[in-house]
Amino acid sequence: MNGSGYTIVQAGAEVPAEEFVRRYVDLKDPAAGCRPCPDYGRYWTCPPYDVPAAEYWGRYRTVLLRGMQFHFTRELLERRFTPEELAEYTRELTAAHARRMDEHLRALYPGAAVLTTGGCMLCAACTRPAGRPCRHPEAVGYSLESLGCDVGAAAWGELGWELLWPRRDKLPRYLTLLWGLRTGGRQHLPAVGQKRLPLGLQRRQPGGMARQGLHRGHRHGYHPLYGTAGKAGTDR
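Residues numbered from 1 in each chain as written. Predicted model: local features only at pLDDT ≥ 70, side-chain atom pairs only at ≥ 80, totals over all residues. Heavy atoms only, no water.

Draft legend 1. Summary view of the layout of surface pockets. The space that makes up the second largest pocket amounts to roughly 500 Å³. Taken together, 21 residues line the second largest pocket, and the ones lying closest to its centre are Tyr 56, Arg 59, Pro 137, Val 140 and Tyr 142. Taken together, the residues that form the lining of the second largest pocket break down as 14 nonpolar, 1 polar and 6 charged. (1 Å grid on protein atoms, 1.4 Å probe; cavity = no way out; pocket = protein on both sides within 12 Å on 5 of 7 lines; lining within 4 Å. Points joined across faces, edges and corners; volume = space filled by probe spheres on them. Nonpolar A, V, L, I, M, F, W, Y, C, P; charged D, E, K, R; others polar.)

Below, the structure is given as structure tokens:
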């Protein structure tokens, strides 16, 4: 316990990229779950993209999945929040850790493509709405969900973690953040049409085992930063 009302648990898994895509990524219509989001097309890390999803995933051979959970104390679990308080607490908690982990992973795996849950945090305001190019095209952190990944299925299948979300006025037992790193040389994945990048809706069967305690380490409707629930998992 760190004195802040929660304990951090970490886990990781390594999966061949082709296998990861087969299990957890919707290449037929990857943007399906992103289109209803008000951020669709407003950020460079949000679809539509100029590169087909199959081509993007096919650039590397391995996906390293890294997860972080925040397990809350009984006192915090019994506390009742207003919706505004709950959204602010979860956003501040996870955003701070997500930023530090993103920096850590980029330093630990130079040259790897770091994928996050929820999108990029490099800039305070994105240049896309103004029609200007991305300020950091080589460092931009695309979200797993925006590339068609079923984050809930990947977390369960590879780490054994079920995603939980806040209820209207209370925290769940834990919140989860996930990162994916694509490493290694280019491989070939079969192209599927000319769809632009992002988000599968189907859950798949578990495909791997968690490796707990690795110190190294949803799609828009799933992300704990925003407290949005109800599409998959539970809020226990």
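Draft legend 2. Spotlight on helix H5 (residues 151-159). For H5, a buried count of 8 out of 9 residues is recorded, marking the element as mostly surrounded by other parts of the structure. Turning to H5, its buried residues are Val 151, Gly 152, Ala 153, Ala 154, Ala 155, Gly 157, Glu 158 and Leu 159. At the N-terminal end of H5, a side-chain oxygen is found 3.3 Å from the backbone nitrogen of Gly 152, two or three residues along, and the residue is Asp 150. (Buried < 20%, exposed > 50% of the residue type's maximum accessible area, 1.4 Å probe, protein only. Helix = DSSP H or I, 4+ residues; strand = E, 2+ residues; numbered from the N terminus. Polar contact = N/O pair within 3.5 Å; in protein donor to acceptor, adjacent residues only side chain to side chain.)

Draft legend 3. Geometry of unusual backbone geometry. In this model, Pro 47 is joined to Pro 48 through a cis peptide bond whose omega is 5°. Residue placement: Pro 48 occurs in the loop between helix H1 (17-24) and helix H2 (53-57).

Draft legend 4. Quick peek at the packing of H1 against H5. It is the contact of H1 with H5, at a shortest axis distance of 10 Å, that shows an interaxial angle of 125°. Considered as vectors, H1 and H5 are oriented oblique to each other. Handedness of the crossing formed by H1 with H5: right-handed. Contacts from Phe 20, Arg 23 and Tyr 24 in H1 reach Ala 153, Ala 154, Gly 157 and Glu 158 in H5. Classifying every residue of the contact of H1 with H5 by side-chain character gives 4 nonpolar, 1 polar and 2 charged. (Axes fitted to C-alpha atoms, helices over the stretch in contact; angles between N-to-C directions. Parallel < 35°, antiparallel > 145°, perpendicular 65-115°, else oblique. Left-handed = near helix turned anticlockwise from the far one by under 90°. Contact = heavy atoms within 4.5 Å.)

Draft legend 5. The arrangement of the pattern of salt bridges in detail. Applying the stated rule across the entire model yields 7 salt bridges. With a shortest N-O distance of 2.7 Å, Asp 29 and Arg 35 are connected by a salt bridge. Residue classification places Arg 35 among the partly exposed residues on the basis of a relative accessible area of 42%. For the salt bridge of Arg 80 with Asp 169, the shortest nitrogen-to-oxygen distance reads 2.5 Å. Of this pair, Arg 80 sits in the loop between helix H3 (74-78) and helix H4 (83-108) while Asp 169 sits in the loop between H5 and strand E4 (174-183), placing them 89 residues apart in sequence. What makes Arg 80 exposed here is its relative accessible area of 57%. If you follow the salt bridges from partner to partner, you end up with Glu 19, Arg 23 and Glu 158 in one network. (Salt bridge = Lys/Arg side-chain N within 4 Å of Asp/Glu carboxyl O.)

Draft legend 6. The pairing of E4, seen in detail. Buried residues dominate E4, accounting for 10 of its 10 residues. Of the two faces of E4, the one lined by Tyr 174, Thr 176, Leu 178, Gly 180 and Arg 182 and the one lined by Leu 175, Leu 177, Trp 179, Leu 181 and Thr 183 are each fully buried. Note that strand E2 (residues 62-72) and E4 share 10 bridges and pair antiparallel. Bridge pairing in E4 places Met 68 opposite Leu 177. Of the pairings in the sheet, the one linking strand E3 (residues 113-115) to E4 comprises 3 bridges and is antiparallel in character. Paired with Val 114 across the two strands is Leu 181, which belongs to E4. (Pairing = 2+ DSSP bridges.)

Draft legend 7. Representation of the packing of aromatic side chains in the model. If you walk through the whole model with that rule in mind, you get 7 aromatic pairs. Their ring planes at 80° and their centres at 5.6 Å tell us that Tyr 56 and Tyr 142 sit as a pair that is edge-to-face. One end of the pair, Tyr 56, is in helix H2; the other, Tyr 142, is in the loop between E3 and H5, and 86 residues separate them in sequence. You'll find Tyr 56 and Tyr 142 in the same group, each marked buried. (Phe/Tyr/Trp six-rings, centres within 6.5 Å; stacked < 30°, edge-to-face > 60°.)

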